[in-house]
Amino acid sequence: MMYSDTGRLNCNVTYTTFATPLRGQAPETKDLSSMLHKALEGAIILKSFPKTTVDVFALVLESGGSDLPVITTCASLALADAGIMLYDMVASVSVSCLGKNLLIDPVSEEESYQDGSLVITCMPSRNEVTQMTVTGEWSTPKIHEAMQLCLDACSKLGKIMRSCLKDAASVPQD
Amino acid sequence: MVGLSLGEQNFIKGGIAQDLRTDGRKRISYRPIFVETGVIPQASGSARVKLGGTDVIASVKAELGRPAPSHPDQGKVSINVDCSPIAEPTFEGRGGEELSTELSSALQRCLLGGKSGAGAGIDLSSLSIVQGKHCWDLYIEGLVVSSDGNLLDALGAAIKAALANTAIPKAQVAASALPDDEPEIDVSDEEFLQFDTTSVPVIITLTKVGRHYIVDATTEEESQMSSAISISINRQGRICGLTKRGGAGLDPSIILDMISVAKHVSEQLINKLDSEIAAAEACDDEDDEMDS
């Protein structure tokens, strides 16, 4: 392994065979792994740990819809819990478009009928979007509306993540 | 690609800031696009697109298959990209795999629309033969022959041209004696269905270097980017897909600004591409007439 003066990030997402309603129906995990990598690499301060690799392993126990946003948010909490230096928490939310309606955080059934989806991963306190993917046909005003919805949700999610970490830290260690 | 010296990097960044890139283009101009269709006679449709130093080939093969149980009245389309070692020695074996998966999933997102099939660039119900039993499966393969930046846009254009060139044979279902029998499919060699590609979107990648965005970046310019957004826009100006690439964070207002710049650029690109494809097809027809 070559010496590197910045840290390296390695992400791996896997599904258990019982995660989906039909056995073994897992989506493309290579695709999800590379998306998780892109979502997190903007947030980790890689310069703070040279000659080191951070491995993030995500195992989906049950897939109920809106998988990648949940995986990303969870991975960010795990990194914070591990003490890895981050620029900011990473929160991720997805919105489904069904006809004229926007549904935030869809479940699998809603996702299977969706006309389009928008997934945003952002760092709420820095107001920076690290990853955004849009599928389906959208008009510009609709994208504005969906982005606004997601960013508001991400900032609320960021606050919940912080309070969760604070509670965990304040529990006395036995 | 050889590494760039500090002087070269500053030259590229400074040029972009002053709206004069190293090859003399403005920030929102494309390199000359060259389209050739029908390059692979054995495929149902094919096209080769050259965008400056970037050279890609797309081929479409149609095969008979069964529709998915969740969508019995639709055909299936699968898009796959292969980065050949001819383009870069590092693409050999598993090296090009990450880039291939990224390009394949970005293309699928842009051209295949939502899960319910809405917003797809290709009308999947036109691929159905017998509802629930037979349909056409389209296998769209992209091959990167030479890479000088902006692979996604070139692949998007090549797929659009390949679809315009695609001729799906007419399949006639022979009436079977018993209702339970598998119907016989007679695939015609003479009659073909042409695809209507006016609704297929184009992909525009906007690369952010410093405080400005450029369109159609070369490999050198891409090495200086902080992030990039690839947007797929159709003729009606509606966004059919968006992928953010690159690790750095972007302010949401910048993303919205990039979307409006992409819409502005897409109008010229769609017209240019459609006229190039039409010219290539006309050239192809003339060659066929001369041969026969």
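Definitions and limits used
Residues numbered from 1 in each chain as written. Chains lettered and ligands numbered in written order. Predicted model: local features only at pLDDT ≥ 70, side-chain atom pairs only at ≥ 80, totals over all residues. Heavy atoms only, no water. Helix = DSSP H or I, 4+ residues; strand = E, 2+ residues; numbered from the N terminus. Rg over C-alpha atoms; globule rule 2.2 N^0.38 Å. Buried < 20%, exposed > 50% of the residue type's maximum accessible area, 1.4 Å probe, protein only. Contact = heavy atoms within 4.5 Å. Areas by Shrake-Rupley, 256 points an atom, 1.4 Å probe, with all protein chains shown as cover. Lys, Arg positive; Asp, Glu negative; His and termini not counted. Charge placed at Lys NZ, Arg CZ, Asp CG, Glu CD. Pairing = 2+ DSSP bridges. Right-handed = clockwise from strand over helix to strand, strands pointing away. Expected span 1.5 Å × (residues − 1). UniProt positions renumbered as here; feature names shortened; annotations may be inferred. Axes fitted to C-alpha atoms, helices over the stretch in contact; angles between N-to-C directions. Buried area = accessible area lost by both parts, 1.4 Å probe. Salt bridge = Lys/Arg side-chain N within 4 Å of Asp/Glu carboxyl O. Polar contact = N/O pair within 3.5 Å; in protein donor to acceptor, adjacent residues only side chain to side chain. Nonpolar A, V, L, I, M, F, W, Y, C, P; charged D, E, K, R; others polar. Parallel < 35°, antiparallel > 145°, perpendicular 65-115°, else oblique. Left-handed = near helix turned anticlockwise from the far one by under 90°. pLDDT = per-residue confidence, 0-100.

**Student:** Where do I start with the overall build of chain A in this structure?
**Tutor:** Each helix and strand counted, chain A has four helices and six strands in total. Along its sequence from the N terminus, chain A presents helices and strands in the succession β-α-β-α-β-β-α-β-β-α. Its C-alpha radius of gyration of 17 Å places chain A within 12% of the 16 Å reference for a compact globule of 174 residues. Dimensions of chain A along its principal axes, counting C-alpha atoms only, are 50 × 40 × 35 Å. Counting all 174 residues of chain A, 48% fall into the buried class. Sequence separation of at least 24 residues holds for 66% of the intrachain contacts in chain A that already meet a minimum separation of 6. Surface summary for chain A: the accessible area is close to 9,200 Å², and the carbon and sulfur share equals 56%. On chain A, the mean spot of the 13 positive side-chain charges and the mean spot of the 20 negative ones are 7 Å from each other.

**Student:** Explain the pairing of strand β2 (residues 53–60) of chain A to me, please; I cannot follow it from the model alone.
**Tutor:** Where a strand is regular, its side chains alternate between the two sheet faces. Residue and element names in this part refer to chain A. By the alternation rule, side chains of β2 split into V54, V56, A58 and V60, which are all buried, and T53, D55, F57 and L59, of which none is buried. Note that strand β1 (residues 8–15) and β2 share eight bridges and pair parallel. Each residue of the ladder has a partner; that of L9, found in β2, is V54. Considered for its hand, the β-α-β crossover made up of β1, helix α1 (residues 29–41) and β2 is left-handed.

**Student:** Help me out: how do you make sense of helix α4 (residues 140–170) of chain A in this one?
**Tutor:** Helical periodicity: at 3.6 residues per turn, an α-helix aligns residues three or four positions apart in one direction. For α4 of chain A, which comprises 31 residues, the first-to-last C-alpha distance of 45 Å matches the rise-based estimate of 45 Å (1.5 Å per residue) to within 8%. Listed in full, the buried residues belonging to α4 of chain A are T140, K142, I143, A146, M147, C150, L151, A153, C154, G158 and M161 of chain A.

**Student:** What should I look at first to understand the side chain of E221 of chain B in this one?
**Tutor:** Residues and elements named next belong to chain B. The residue E221 is located in helix α4 (residues 219–223) in this model. A relative accessible area of 1% places E221 in the buried class. Residues within four places of E221 in sequence aside, it is in contact with I12, I16, R21, T22, R25, V209, I214 and D216.

**Student:** Explain the UniProt feature "domain: Exoribonuclease phosphorolytic" (unreviewed entry) in chain A to me, please; I cannot follow it from the model alone.
**Tutor:** All names here are of chain A. With numbering aligned to this structure, UniProt lists the feature "domain: Exoribonuclease phosphorolytic" (unreviewed entry) at residues 6–84 and 88–149. Counted over residues 6–84, helix gives 37% and strand 20%. Its end C-alpha atoms are 13 Å apart. As annotated, residues 88–149 has a helix share of 24% and a strand share of 50%, and its two end C-alpha atoms lie 20 Å apart.

**Student:** Is there a simple way to explain the sheet that holds strand β12 (residues 239–245) of chain B in this structure?
**Tutor:** Within a sheet, neighbouring strands are paired by backbone hydrogen bonds and run either parallel or antiparallel to one another. The eight strands are arranged β4(A)-β3(A)-β5(A)-β6(A)-β12(B)-β11(B)-β9(B)-β10(B) in an open sheet whose pairing can be described as antiparallel. Because the sheet does not close on itself, it has two edges, and the strands there are β4 (101–104) of chain A together with β10 (212–215) of chain B. Along the sheet, successive strands turn relative to each other by an average axial angle of 20°, direction set aside. Where strand β5 (residues 116–123) of chain A lies against strand β6 (residues 128–138) of chain A, eight bridges are found, and the strand directions are antiparallel. Bridged to S117 of chain A within β6 of chain A is T135 of chain A. Here helix α2 (residues 67–82) of chain A sits on the sheet in contact with β3 (91–98), β5 and β6 of chain A, set at roughly 170° to β3 of chain A. This element, α4 of chain A, spans β3, β4, β5 and β6 of chain A together with β12 of chain B of the sheet and lies at about 145° to β3 of chain A.

**Student:** Is there a simple way to explain the interface of chain B and chain A in this structure?
**Tutor:** A common way to report how large an interface is uses the accessible area buried once the components associate. Listed as interface residues are 29 residues of chain B and, on the opposing side, 30 residues of chain A. Counting each side, the surface lost to burial between chain B and chain A is near 2,600 Å², with a carbon and sulfur contribution of 55%. Across the chain B-chain A interface, the total number found is two salt bridges. With a closest N to O distance of 2.8 Å, K30 of chain A and E97 of chain B form a salt bridge. Summed over the shared surface of chain B and chain A, the number is nine residue pairs in polar contact (both at pLDDT 80 or more). Of the residues belonging to the side of chain B that touches chain A, the class tally is ten nonpolar, eleven polar and eight charged.

**Student:** Help me understand the side chain of K160 of chain B in this model?
**Tutor:** Counting through the fold element by element, K160 of chain B comes out in helix α3 (residues 151–165). For K160 of chain B, the residues in contact, after removing those within four places along its chain, are T197, T198, V200, P201, V202, L273, D274 and I277 of chain B.

**Student:** How should I be thinking about the packing of α1 of chain A against α2 of chain A in this particular structure?
**Tutor:** For any two helices packed against each other, one specifies the inter-axial angle together with the distance between the axes. Residues and elements named next belong to chain A. Two numbers describe how α1 lies on α2: the axes approach to 10 Å, and their chain directions differ by 50°. In terms of orientation, α1 lies oblique with respect to α2. For α1 against α2, the interelement crossing comes out right-handed. Between α1 and α2, the residues in contact are L32, M35, L36, A39 and L40 and L68, I71, T72, A75, S76 and L79, respectively. Among the residues forming the contact of α1 with α2, the class breakdown is nine nonpolar, two polar and no charged.

**Student:** What's the story with the confidence of the model for chain B in this structure? I'm lost.
**Tutor:** Caution applies to low-pLDDT regions: their predicted coordinates should not be interpreted in detail. All names here are of chain B. For chain B, per-residue confidence averages 85 on the pLDDT scale, and 90% of positions sit at 70 or higher. Mean pLDDT values for the elements of chain B range from 69 in strand β8 (residues 184–194) up to 93 in strand β2 (residues 45–51). For this predicted complex, the interface score ipTM comes out at 0.85, alongside a pTM of 0.88.

**Student:** Would you mind showing me how to read the UniProt feature "domain: Exoribonuclease phosphorolytic" (unreviewed entry) in chain B here?
**Tutor:** The feature "domain: Exoribonuclease phosphorolytic" (unreviewed entry), as given by UniProt, occupies residues 30–169 and 200–263 of chain B in the numbering adopted here. When the span residues 200–263 of chain B is considered, its composition is 27% helix and 41% strand, and the gap between its end C-alpha atoms is 15 Å.

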